[in-house]
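# Notes for the structure review
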Amino acid sequence: MRKRKQVSVVKPEGAERPAKRKRRWGAKRILISVLILTAAAVIGYQIYLVALAPLRTEICYSYTVGDTISASGMVFRDEQIINIDRHDTVIYSVSDGSKVANGSTIASIYSRVEDSQNRLLADSLKEQVGTLQSVMIQSGSTSSYLETINGHISEDINTLSGIVSGNMLDGFEEVRNDLEYNMIAKDLAVGKDIDLQGRIAEIEAQIAELEAGISAAPTAITTPVAGYFVSNLDSFESDCSTDKLTTYTADQLLEMSARAKAGTKQTEKIGKVISGYQWSYAAVISATEAEKLTEGKKVTLSFPLTEAQDIPAEVTEVTETGDGRAIAYFTSNYMTEAIANLRGQDVNITANSYTGIRVSTSAVRAIDGVKGVYVKNGSVIQFKKIEVLYSNDVFTIVDASNTGSDYLKMYDEVVVEGRNLYDGKQV
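Read on for a plain summary of the structure. Computed from a prediction, not measured in an experiment: that's the story for all the values here. (Residues numbered from 1 in each chain as written. Predicted model: local features only at pLDDT ≥ 70, side-chain atom pairs only at ≥ 80, totals over all residues. Heavy atoms only, no water.)

### Quick notes on the overall build of the chain
Helix and strand counts for the chain stand at 8 helices and 20 strands. Sequence-distant contacts, at least 24 apart, represent 76% of the contacts inside the chain between residues at least 6 apart. Counting only carbon and sulfur atoms, one obtains 52% of the accessible surface of the chain, whose full area is about 25,200 Å². (Helix = DSSP H or I, 4+ residues; strand = E, 2+ residues; numbered from the N terminus. Contact = heavy atoms within 4.5 Å. Areas by Shrake-Rupley, 256 points an atom, 1.4 Å probe, with all protein chains shown as cover.)

### Here's the deal with the pattern of salt bridges
Counting across every chain of the model gives 20 salt bridges. Arg77 is paired through a salt bridge with Glu79; the nearest N and O atoms lie 2.5 Å apart. Asp346 is paired through a salt bridge with Lys261; the nearest N and O atoms lie 2.9 Å apart. Separated by 85 residues along the polypeptide, Asp346 in the loop between α8 (337-340) and β14 (347-360) and Lys261 in helix α6 (residues 250-262) bring together distant segments of the chain. Of the residues examined, Asp346 reaches a relative accessible area of 30% and is grouped as partly exposed. (Salt bridge = Lys/Arg side-chain N within 4 Å of Asp/Glu carboxyl O. Buried < 20%, exposed > 50% of the residue type's maximum accessible area, 1.4 Å probe, protein only.)

### Focus: unusual backbone geometry
You will see that Ser235, though not glycine, has its phi angle at about 75°, which is positive. Secondary-structure assignment places Ser235 in the loop between β8 (227-230) and α6. Note on Ser235: relative accessible area 47%, which makes it partly exposed. In this model, Asp310 sits at a positive phi of 50°, which is unusual for a non-glycine residue.

### Side note on the environment of Leu179
Position of Leu179 relative to the elements: it lies in helix α4 (residues 172-189). Along the primary structure Leu179 and Leu160 are separated by 19 residues, whereas in three dimensions their C-alpha atoms are 9.2 Å apart.

### Observations regarding the sheet that holds strand β5 (residues 99-100)
Working definition: the strands of a sheet are paired by backbone hydrogen bonds and lie parallel or antiparallel to each other. The strand order across the open sheet formed by 4 strands is β3-β9-β8-β5, and the pairing between neighbours is antiparallel. Bordering the open sheet on either side are β3 (79-85) and β5, each of which pairs with just one other strand. Here β8 pairs with strand β9 (residues 269-275) via 4 bridges, running antiparallel. Residue pairing in the sheet places Phe229 in a bridge with Val273 of β9. (Pairing = 2+ DSSP bridges.)

### Regarding the pairing of β8
Alignment of β5 against β8, held across 2 bridges, turns out to be antiparallel. Bridge pairing links Val100 to Gly227 in β8.

### Side note on the packing of aromatic side chains
Scanning the entire structure with this criterion turns up 8 aromatic pairs. Ring geometry for Tyr61 versus Tyr63: centroids 6.4 Å apart, planes at 80°, classification edge-to-face. Overall, the relative accessible area of 30% leaves Tyr63 in the partly exposed class. Geometrically, the ring pair formed by Tyr374 and Phe383 is edge-to-face, given 5.4 Å between the ring centres and 65° between the ring planes. In this pair, the class of Tyr374 matches that of Phe383, namely buried. (Phe/Tyr/Trp six-rings, centres within 6.5 Å; stacked < 30°, edge-to-face > 60°.)

### Thoughts on the environment of Val373
Here Val373 lies in strand β16 (residues 370-377). Since its relative accessible area comes to 0%, Val373 is described here as buried. Sequence separation of Val373 and Val416 is 43 residues, and the distance between their C-alpha atoms is 8.6 Å. Those residues within four positions of Val373 in sequence are excluded, and the remaining contacts are Ala363, Val364, Gln382, Phe383, Lys384, Ile386, Leu408 and Val414.

### Concerning the nonpolar core
Counting 29 residues, the largest nonpolar core has Trp279, Ile285, Leu293, Leu301, Phe303, Phe330 and Ile349 as its most contacted members. Those elements that place two or more of their residues in this core are β2 (61-76), β8, β10 (279-286), β11 (298-302), β12 (311-320), β13 (325-332), α8 and β14. Ranked by residues supplied to this core, first place goes to β10 with 4 residues. The contacts of Leu301, once residues within four sequence positions are left out, are Trp279, Ala308, Gln309, Asp310, Ile311, Ala313, Phe330, Val347, Asn348 and Ile349. Core analysis: the second largest hydrophobic core is formed by 19 residues, Ala122, Leu125, Leu160 and Leu196 among them. (Core = buried A, V, L, I, M, F, W, Y, C linked by side-chain atoms within 4.5 Å.)

Next comes the structure, spelled out in C-alpha cells:
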C-alpha cells in the first residue's frame, strides 16, 4: 500500500492581521457606543433636572419661636419661718402657694394621732359628699356630654397613674375625687339607677361618727404675716433673702444652685410664709448671651422638670463678671404652688419671641438683592418678597404684617425644591 505524504502548509506572513484588526475595531465601536450612551444619559438627566424635575412645595403657616438662653441660678425672696415643730398630729388647712392673711389659720395640732386621723378621714368624706351633690346638679345625658365625661375619665386615670408611678401624693386626693365624680356622672348619663341621696346620707353618718371620736379640739396655728404659705423649708431661707440678691459671685451662685438641687426639703418646722408676691432670680449666663438682655426687657422664665413654665418676668440688671460670664437678675410678680417651691432649679430664659409666617430656610432666595420665595400660584410661579424676623438652618420666620400683593401671605404654597425657577414660569 502506498503511503500518503504529509504536506505542511505554511501560511504567508501577515495572513492573520485583517481578522485581528476587525476584532479590535469591533471592541472600539462597543466602547465608543457605551461612552456616547453614557454622555447622552448624563445630558438627558441634566435637562430633566433643569426643565422637567417636579416641584416640591409646602403650605406656609403662622409660627412662634423664642430666642432661649439656658442658665443656672437661685431664687431670692423674703420668707418668714413659722418656728413651730412639726409632728404627726399636724393637719394643714391650706396648700402650698396659697395666699394667707395675717393671723389666719394654716394648720391644726391635735392631742392624739387618732384624732388627727379621724379629722383627715372626715374631711375626705366631706369632699366626697360635695362631689355627689355636684353630680346631682350638673348631670346630663346627651351624647356630647357623655363623650366629654369619657375624656375626663381617661385624663384622670392617666394623671393618677403618673402620680402613683412618680411616688408623689400631692394632688392625689383631688384627682381621685374628680375621677369619682366623672364615673358617677357617666353611670347617670347611660341611665343607671343610682341612689345618690342614700349614699350621701350614709357618708354624712360616717362623718358624724368620726367627728364624735375626736377627744379634744385642736390647737390652731396661725401665720404671723400675710403672704404665700409653703409647708417645707429648703435651708436657703436666710441666704436667699432679697437684700442679698446681688451680693454673690457667679461661682457662688452656681455652687449654691448645685447644693439646692442635691438637697432635700426640710420638714422639722410647720413651714414658712413668703412675704409679698414679688420674687427674683439670679442667673449665670455667658457674656455673649447677656447682649440679648437689657434692663426693663420683658422675658419669660421656664424651669425644666417643674410645673413652673412660661412665667412672665422682667430684667432688672445685667452685670458682667469680667471672665466671659455675666449675672442676669430678673423679677416677677407671678405666684403659684410650683413657683413657691422653687430655689436652685435651672432655667430657660426666652429673651425674644418672634411670631410670623414660617417657611423652610432652603426656600429663601435673593433676587437682585431682594429676599423672597417662589410661590406656586395655580400653574404659575411667582416671586414674593419677605421681611425676615428670625432664621436658623431649618426654618425662617417672616413678618406677616406686609399687605402688598407682592409679599408672602399666610397659606401660600411655597416652592422648597425646583430648578430653573423664575417669576412668571408656567408649571
